[in-house]
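Now for the letters of each chain:
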Amino acid sequence: MTAGAMAGTAVVLGATGGIGAGLLAALEAEGRWRRVLGLSRRGDPPLDITDEASVAAAAAWLGREAPDLALVILATGFLHDARFQPEKAMRQLDPAHLAHSFAVNAIGPALAMKHLLPRLRRDGPAVFAALSARVGSIGDNRLGGWWSYRASKAALNQLVRTAAVELRRSNPGASIVAVHPGTVDTGLSGPFSKAGLEVQRPPEAARHILEVLAAVGPDRSGAFLDHRGEPVPW
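Residues numbered from 1 in each chain as written. Predicted model: local features only at pLDDT ≥ 70, side-chain atom pairs only at ≥ 80, totals over all residues. Heavy atoms only, no water.

Q: Could you clarify how one ought to interpret the pairing of strand S5 (residues 174–180) in this entry?
A: Strand residues, when the strand is regular, have side chains that alternate between the two faces of the sheet. Burial analysis of S5 places seven of its seven residues in the buried class, which makes it a mostly covered element. Covered by surrounding structure in S5 are Ala174, Ile176, Ala178 and His180 together with Ser175, Val177 and Val179, the residues of both alternating faces. Strand direction decides the pairing type here: strand S4 (residues 126–131) and S5, joined by six bridges, are parallel. For Phe128, the partnering residue across the bridge sits in S5 and is Ile176. Handedness of the crossover joining S4 and S5 through helix H4 (residues 147–170) is recorded here as right-handed. The pairing of S5 with strand S8 (residues 224–226) spans three bridges and is classified as parallel. When the bridges of S8 are listed, Ala178 appears paired with Phe224. (Buried < 20%, exposed > 50% of the residue type's maximum accessible area, 1.4 Å probe, protein only. Helix = DSSP H or I, 4+ residues; strand = E, 2+ residues; numbered from the N terminus. Pairing = 2+ DSSP bridges. Right-handed = clockwise from strand over helix to strand, strands pointing away.)

Q: Could you clarify how one ought to interpret the environment of Leu116 in this entry?
A: Following the sequence through the fold, Leu116 ends up in helix H3 (residues 95–116). For Leu116, a relative accessible area of 4% puts it in the buried group. Remark: the alpha-carbon pair of Leu116 and Val72, spanning 44 residues in sequence, is separated by 8.3 Å. Look past the residues within four positions of Leu116 in its chain and what remains in contact with it is Leu13, Ala59, Leu62, Val72 and Phe128. (Contact = heavy atoms within 4.5 Å.)

Q: Teacher, can you tell me more about the pattern of salt bridges here?
A: Close approach of charged atoms allows side chains with opposite charge to pair. Tallying each qualifying case throughout the model produces eight salt bridges. Between Arg35 and Glu65 there is a salt bridge, with the nearest N and O atoms lying 2.9 Å from each other. Taken together, the residues span a long stretch of sequence, with Arg35 in strand S2 (residues 35–39) and Glu65 in helix H2 (residues 52–65) at a distance of 30 residues. Its relative accessible area of 30% is what places Glu65 among the partly exposed residues. (Salt bridge = Lys/Arg side-chain N within 4 Å of Asp/Glu carboxyl O.)

Written out as structure tokens, the structure reads:
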């Protein structure tokens, strides 16, 4: 997908989150998309990626509203809430925490792939991008901890890689990638930012993500990339 080309419809899933809202604003500011749409649980139609009926209904709506679907960015994710915090040690493992992390970070994205990948346009380049995390890298895991988040994001990466194999056969002009957005100052990662760590504001992170996606084509489908476009170890 070349940065200067007018490119159909772009959609952000999870458009009310910190990075999602930043991506929606950045896409609208680019001015090259026929239409920019944001979907979320509070939107119309509502999108809850943990509910397949909701995902299917949203996909059907997009099929009617956006037959030229050229870009889908999945910006949903779960790290912590009032009930669950990232585990520091194995003794803190909780099955409910694990199940919720997988539901949001892996199963939900898989459902989004199931219902939206077949709707990517076939008459031009198209990209599906799922926001992942470097801590989902198995090869780069040197610190341990964060069990639920690490494992669910590693599962997401495998799902992206597997989807790329099937997408290559069904829609050779389309691509799917996992993208590590870096550390962004949002409610998800902000509380865990360390001193000396490069922390981006959502608008800056969104700009970097879109720059990476503008350079993605079928030759990079199935890749796990950071916010500079560099490969992240699996």
